[in-house]
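Examination of the molecular architecture
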Amino acid sequence: SDDFLDSKPVTTLTDANFYQTLEDAELAIVGCYDGVQAINQEGVAFPVASEVFSDNCFGGTGNNDGYGYQLLDEFDLQRSPSDQNLFEENWINYYEAIYRVNMLLTKMDQIDWEGDTATMHSIEAEARFLRAFCYFDMVRLWEKVPLVTVPTEENVPQNEPDEIYAQITNDLLIAIEKGKETVEAGRVNKWAAKSLLGRVFLFYTGYYNKSDLVGLVSASEALAHLEDVIASGNYGLVEEFKNLWPAASATPDPENNTLISTYAGKDNQETIFAIKHNITSNYDGDTDGNHWLVMLGLREQAFSPYGRGWGACPVDPNLYNAFEEGDERKTASIIAIDEEGLDFDNSGQREYTGYANKKYIPLALPDGSDMAVQNGGFNFMIGQYQDYVCIRYADVLLMAAELGSPNAQDYMDQVRERAGLDPKPATKANILEERRFEFAFEGIRYWDLLRQGVETAANTIARSTTVLNGGVEAQKVIDPQNIIDTRGLQMIPQNQISLSDNVLKQNDGWN
Amino acid sequence: LGLSAQITVTGLVTDDSNEPIPGVSVLEKGTMNGTITQTDGTFSLQVPEDAILIFSFVGFVPQEIPVDNRSVINVVLTESITGLDEVVVVGYGVQKKKLVTGATLQVDGENLQKRNTISALQALQGQTAGVQITSTSGQPGEELKVIVRGLGTIGDAGPLYIVDGVQTSDISYLNNADIESIDVLKDAASAAIYGSQAANGVVLITTKSGQTGKTQITFDSYYGIQNVARKVDLLNAREYAVIMNEAAINSGKAPYFTADDIDNLGNSGWADTDWMDQMFYDNAVTQNYTLSFSGGNNASTYSTSLSYTGQEGIVGGPDVSDYNRYSFRINSEHKLFDGMITLGQHLTFAYIEKNGIKVGNQYNNSLRSAFNTSPFLPVYNDNGEFLNNTKNAGEMYNGAEWVPWYEGESNPYASMIYNNMSDDNNQKLLGDIYLRVSPIEGLTFETKYGLDYYTIEERSFIPEYELSVYDFREHDQASQRLEKGVAWTWTNILTYDFDLNDHDFTVMAGMEAYQYKGTWMHTRNTDLLPTGLDYAYIDNTTNTDLARLTFEGAPNDESMLLSYFGRVSYNFGEKYLLNATFRADGSSRFAENNRWGYFPSVSGGWVLSSEPFMEFTDDIIDFFKLRVSWGQVGNQNIDPWQYLAPVQVANTNYYFGSDDFDAAGNTPGAYPSRLANEDLKWETSEQLNIGFDARFMKSRLGVNFDLYQKDTKDWLLQAPILATAGAEGPFINGGDVRNKGVEIAVSWNDQIGDFRYFISANYSYNDNEVTEVPTSDGIVHGLTNMLYDNSLEFYHRAETGYPIGYFWGWQTDGIFQNEQEVLEHTSNGTVIQPDAMPGDLRYVDQNGDGILNDQDKVMVGDPNPDAVFGFNVGFEYKNFDFTVAANGVYGNQIVQSYRNHANGFANYTTEILERWHGEGTSNTIPRVTETNINYLFSDIFVKDGDFLRISDITLGYDFADLINKSFISQLRLYGSVQNAFTFTKYNGMDPEVGYGVEDGSSGIDLGYYPRPRTFLLGLNVKF
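Residues numbered from 1 in each chain as written. Chains lettered and ligands numbered in written order. Predicted model: local features only at pLDDT ≥ 70, side-chain atom pairs only at ≥ 80, totals over all residues. Heavy atoms only, no water.

1. A few points about the pattern of salt bridges
Residues and elements named next belong to chain A. Considering all chains together, one arrives at 90 salt bridges over all chains under this definition. Between Glu74 and Lys476 there is a salt bridge, with the nearest N and O atoms lying 2.7 Å from each other. Of this pair, Glu74 sits in helix α3 (residues 68-74) while Lys476 sits in strand β11 (residues 472-478), and the two are 402 residues apart along the sequence. Among the salt bridges present, the one from Glu324 reaches Arg416, with a minimum N-O distance of 2.9 Å. Remark: Arg416 occurs in helix α14 (residues 408-418) and Glu324 occurs in the loop between α10 (317-322) and α11 (329-333); sequence separation between them is 92 residues. (Salt bridge = Lys/Arg side-chain N within 4 Å of Asp/Glu carboxyl O. Helix = DSSP H or I, 4+ residues; strand = E, 2+ residues; numbered from the N terminus.)

2. Description of the nonpolar core
Core analysis: the largest hydrophobic core is formed by 163 residues, its most contacted members being Leu104, Phe129, Tyr135, Tyr165 and Ile168 of chain A. Among the elements that take part in this core, helix α5 (residues 117-142) of chain A stands out by supplying 14 residues, more than any other. Beyond its immediate sequence surroundings of up to four residues, Phe129 of chain A is in contact with Leu172, Ala175, Val188, Ala192, Ala193, Leu196 and Phe273 of chain A. Core analysis: the next-biggest nonpolar cluster, separate from the first, contains 79 residues, Ala237, Ile815, Ile925 and Tyr1008 of chain B among them. (Core = buried A, V, L, I, M, F, W, Y, C linked by side-chain atoms within 4.5 Å. Buried < 20%, exposed > 50% of the residue type's maximum accessible area, 1.4 Å probe, protein only. Contact = heavy atoms within 4.5 Å.)

3. Quick notes on empty space enclosed by the protein
Residues and elements named next belong to chain B. Within this structure, the stated rule accounts for 14 cavities of 30 Å³ or more. The computed volume of the largest cavity comes to approximately 430 Å³. The wall of the largest cavity is formed by 37 residues, among which Gln132, Thr134, Pro865, Val868 and Val889 lie closest to the centre. Listed by contribution, the elements that provide at least two residues to the lining of the largest cavity are β11 (131-135), β12 (144-148), β45 (755-772), β54 (867-877) and β55 (880-890). Looking at the lining of the largest cavity, its residues break down into 14 nonpolar, 19 polar and 4 charged. (1 Å grid on protein atoms, 1.4 Å probe; cavity = no way out; pocket = protein on both sides within 12 Å on 5 of 7 lines; lining within 4 Å. Points joined across faces, edges and corners; volume = space filled by probe spheres on them. Nonpolar A, V, L, I, M, F, W, Y, C, P; charged D, E, K, R; others polar.)

4. Overview of the packing of helix α7 (residues 190-207) of chain A against helix α8 (residues 219-232) of chain A
Residue and element names in this part refer to chain A. Between α7 and α8, whose axes approach to 9 Å, the crossing angle comes to 145 degrees. Relative to α8, the crossing made by α7 is left-handed. When α7 is examined against α8, the residues Trp191, Lys194, Ser195, Leu197, Gly198 and Phe201 are found in contact with a partner set consisting of Ala219, Ala222, His225, Leu226, Asp228, Val229 and Ser232. The residue makeup of the contact of α7 with α8, split by class, is 7 nonpolar, 4 polar and 2 charged. (Axes fitted to C-alpha atoms, helices over the stretch in contact; angles between N-to-C directions. Left-handed = near helix turned anticlockwise from the far one by under 90°.)

5. As for the domain arrangement of chain B
Parsing chain B into structural domains produces domain 1 (6-76), domain 2 (87-219) and domain 3 (285-665). One C-alpha centre belongs to domain 1 of chain B, the other to domain 2 of chain B, and the line joining them spans 39 Å. (Domains from an automatic or database assignment.)

6. Considerations on the pairing of β55 of chain B
Residue and element names in this part refer to chain B. β55 sits mainly inside the fold: 8 of its 11 residues count as buried. Across 11 bridges, the pairing between β54 and β55 is antiparallel. Bridge assignment links Glu876 to a residue of β55, and that residue is Asp881. Linkage of β54 to β55, two consecutive antiparallel strands, is achieved through a turn of 2 residues, within which Lys878 is found at a positive phi near 50 degrees. Pairing analysis gives 10 bridges linking β55 to strand β58 (residues 947-958), with the strands arranged antiparallel. In the sheet register, Phe882 faces β58, and the bridge partner there is Leu955. (Pairing = 2+ DSSP bridges.)

7. Section: the side chain of Lys476 of chain A
All names here are of chain A. Taking relative accessible area as the criterion, Lys476 reaches 1% and is therefore assigned buried. Side chain to side chain, Lys476 and Asp73 meet in a polar contact 2.8 Å long. Looking at Lys476, its side chain comes within polar contact range of the side chain of Glu351, at 2.7 Å. Look past the residues within four positions of Lys476 in its chain and what remains in contact with it is Phe58, Gln70, Asp73, Glu74, Glu351, Arg463, Ser464, Thr465 and Val467. (Polar contact = N/O pair within 3.5 Å; in protein donor to acceptor, adjacent residues only side chain to side chain.)

8. Quick notes on a negative patch on the surface
Taken together, Glu86, Asp108, Glu110, Glu180 and Glu876 of chain B make up a surface patch of like negative charges. Mapped onto the secondary structure, Asp108 of chain B falls in strand β10 (residues 104-108). (Patch = residues over 30% accessible without salt bridge, like charges linked within 9 Å, V, L, I, M, F, W, Y side chains within 5 Å. Areas by Shrake-Rupley, 256 points an atom, 1.4 Å probe, with all protein chains shown as cover. Lys, Arg positive; Asp, Glu negative; His and termini not counted. Charge placed at Lys NZ, Arg CZ, Asp CG, Glu CD.)

9. Focus on the interface of chain B and chain A
Listed per partner, the contact involves 80 residues of chain B and 89 residues of chain A. The junction of chain B with chain A conceals about 7,300 Å² of combined surface from both sides, 55% of it contributed by carbon and sulfur atoms. Our count for the chain B to chain A interface comes out at 4 salt bridges. For Glu474 of chain B, the salt bridge goes to Arg308 of chain A, with nearest N and O atoms at 3.7 Å. Inspection of the chain B/chain A interface yields 25 residue pairs in polar contact (both at pLDDT 80 or more). Mapped onto the side of chain B that touches chain A, the elements with two or more residues apiece are β30 (503-526), β31 (550-555), β32 (559-572), β33 (576-587), β36 (646-648), β37 (653-654), β38 (667-668) and β39 (671-672) of chain B. Per-element accounting of the side of chain B that touches chain A gives the leading share, 4 residues, to β30 of chain B. With 2 bridges connecting them, strand β1 (residues 13-14) of chain A and β36 of chain B associate as antiparallel partners. (Buried area = accessible area lost by both parts, 1.4 Å probe.)

Here you go:
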């Protein structure tokens, strides 16, 4: 009889018996977080790309590497014509994360919540936040992306930016309404949603020169949300700026081959939302490590506490020199190679400037070995564990100030005071200037420039200077016209355009 | 020495119709004494009075006649009508070759054994019209790609293998000497009886069985040495320095070396390594020893053998690339109750040790890395250890501290050695027991239980090492893997033969059940104590960090099939032939509502030569049969449960904790990783075949001819899905491909006195065209990042109107010789390549829009050959035998990409010395630069893959007659050259490139492990 042919998998669940219980719902939302973690693990990670685009950094990497990072830095496909799919893995991973959220949201009704409405609301809020987070990255990178909110196999055309922003806004408003008030490490709550809404508001209204967020959120509402975060008392500034960053807060102890650290720790009181990492990446499919940190390590050399890596994002000396006298953030943010007396051999480095970022960099022990590997990481490339802090409290303060909070001056003073600086008037220009120093290398600067208008961004980023390629002087030119032509947007992966049979249209300037 | 009296014997040799036969060999048995008949059929020969005469002639059954003191002996020889009375294996039965109405072909085991290959499939090469057999790598034990009548799918296109009635996925365990015959069912009508799994053809293997009354002991052996037949030359240090300089200048940089530097490279502290030489191993051994016994009496027959086969790899040598197979076989059959019941069995057991280097894609190809490493890098440091190319690693070379020329490269030889230390083996047991009952005349019931059991054990070790900043391992590692599986097949067949007057019927009905189950376990851990391959067991690993510890185990996907089938064979006077088959298959791989597939076929034949009105041709045409067939077959080659969406839990963790290092602290998550398709059903292949089999001129000339059209529909295809779907695409049914072709096989056998010779040749032409693709753009795209780092798509797996896997790129039109030519290369006044420099490739703007983009990409090559052909020529003269075998293809192209063009410092082959370096210097090879600017995919990667290979030349001599011991019937010593010559314009190491980067892709040479040239000596002894 036919029974002989019956067969079912025994080592995987199937969707027929999933999304049923509270336990399934918990598994599913963790799956969504895992999906969001993956967006930066392949391709060019958003935080790295954002710094390369900006005036903080050049592309860098190895002197003999491909020119993909120069393509990004100079907004010029001709720099590396075959790199038309630089962002394809990101594009795929964003949609994978979104798919997981979409699946869960469509199954909310079939789950037996056992009357636990609080959990039900919180899971929905988390899911919606994560989806909004992904779309906000995507709409900034590529602007018109296909907006998918229920799982589909259709060939979905691109949506207008306003439609995408409306979805982001709606998701965040629901997350604000339903999100938890308590703060749990790694978990999205309503405060995170309010904070992200502030960032979305500022970017949208700035880049598109609008007064409100697609008619759904006014400036005063956006401000009110930020004020709520501040008033909640859940968050605060870490006392010393350098303690936000593992490398900046570490001192080598050669005698014991260890690092003495004053690091405030993951999930410190300043963290509002972070993509979290652990040392558990391997080549069997576990990707919990921070896979992009290695890009920012010093080119193939370790100088404890700074670990080795591939030398992307050499820091523009302009930034180093622009810090005010006495600004503690200068040395907490930037490795000045000569000033710190590092015997760095730049013959393998492209676009060497003498400066590197200190916020996101692997750690090395005094004997030069990699900190992550010494503590169980698979290797220094995928085993890194530093969280990517997407939104921190200082940002909320400065956003609230920028949106005209009655306490604007106080908020700005708090930030400056922590940096060891005297107050300065909380004008919009001063606030934006402050953000440059406060958030360098955190994936924020470029978008702050772009929201001041494409022209402003283009002219600020434009460069004609000299760098060292493999120790040899070379001209480095960033033509502002390229940024204007592309409106600061990135290329849509060519493979996806082909797959869609040209239903997807490439962004201007990238053809 | 007993001397008998000599007498003269005379006589006449005639055929059935009393016609004299000239040229018949008349030989005194056991001697060289003999003659041939005259034109009038008479002969005369001096022989001892007790001699035995052997009369033989092509196309006739040989006869042995004792002289018995007679002086006149007249002989009537009967025509053997070679082959036509032989039976061939068809599905679930045998059939007289004469009555076959489908397109099948048979190669007997002797012809396989003669080829001295370790794989039967390789021995088939060139002997089988319509079957394209291609090495996927020259590495010992690597699989061969077998394509019957053109690619029918972009999935798994391999045929179904049936050994003595038991299906199996792989026949590499078989020793050629154990094979009686191989039958290939090519058309759907022949294959349809295998229904669900026969869309890509069926290969039936029959192993040897014993014969009543004939005890035979044979010992066969050969021993050979193998070397690379053709190497590719890479630039030496001096040439490399010149090219690097030129690339730097062309890229706007200062040159790296002065003329003095180049003259003094010998003292520069850098090496001049020929990495190709380093990778190849000289005089690798290949050998085989087989001892067989067979015999039997009226009640029982047996055939048994023991064999060892070994082949060392020519890349890296036996430490990293080696194949050893030990096998034994016992087949027997016993008749009980006066033959009413027959009980029999087949059993082959093989123990195979196989180690190999990486022969995969650009990142998993040991040989390829040698192409890309500069000659400056030495193999060893001053201590004789592999040199570490990391800067400041304190390595000493030639008495000075090593300063890397390019830190991105690392010793490819060392990397191959370090990463291929393994001790792997697998065992396979394949056999069956059958019981056949014939209660009444013509009625037979057979039940057969077959077993295909295998185990795989893999153990490997990687040491802690550092060869460069990119190629290093911080912890040594041991890995152990075990897998076993068993497939059983239970077959029940009822056959009834009967005739009504001249109407012969054979009716067969049967059922079959098949099940496969298996499991595997794998553990991997680091930090061995003690360390080394000998100690690479998990018990010796000490690491406790979870990130470096892997432990996994699961069942293999089970698979079940339930089938019912039947066949009616009818003939009228062996003149009008008709066969019809039907099979119903239920498969566990499909959802319940699509589980069953139905596969019919019908075929007919007409033996024209038996018609009275054809009598006038009898002198020329001995046999002529016209055949027509039609049938449908299926394919179910997908993983099970594609109709379900699996929820992935593994690797779906997230860390919510706040510790820096917390390997055990992750929280598990889950998500549905693939979309489901409940409507998934069988892939179907439908084929029409028209052909004839004919024998002419006393059967000396044989011709087989076939015309076919094969349409494969509803491919089982993993949908190329848009990223917006967010999950893996499901398998869908979609895509049609049509293969049309012609096959001709011609053979000629004749004898001139003692000189017997034969020529056989076959030729098949196939045209492959995709007729429908179900994706939004009508294309199933190929992979990117395959030819070198970040390289773009260069082939389409499938696109409507094109062959499967065709190469898709820009067409070039020479090289810009000067600035003026760049400016003159326009469409509608627009300069097409404004950024081009003299020396760059000129591309064709196909659509004339003045912009060079994807719209200008066209078919620049087709990896599928238009034609596959082979021939064998040979003769026997007295005790000598000589054969030459050849095979080849034409009409296909190969994409060659040895170099990683994303790496400016990668070495080149010497072809680059012919580059453009000034006006008029080259119109085919562009200038060198440090970028990939001239290596965006275009036809400059594409080369013609036509070749004719003389695959085997053998000369043998049988000493049995010289020894004159009656118990030794053969003592043949022979010498062979395999892969003796290859005629080709292809400039790679081997034009037979079966490698593709995925299913539906082929003909891609990324640094292909070439097939060796082998010189061997062999011995056949028969008692």
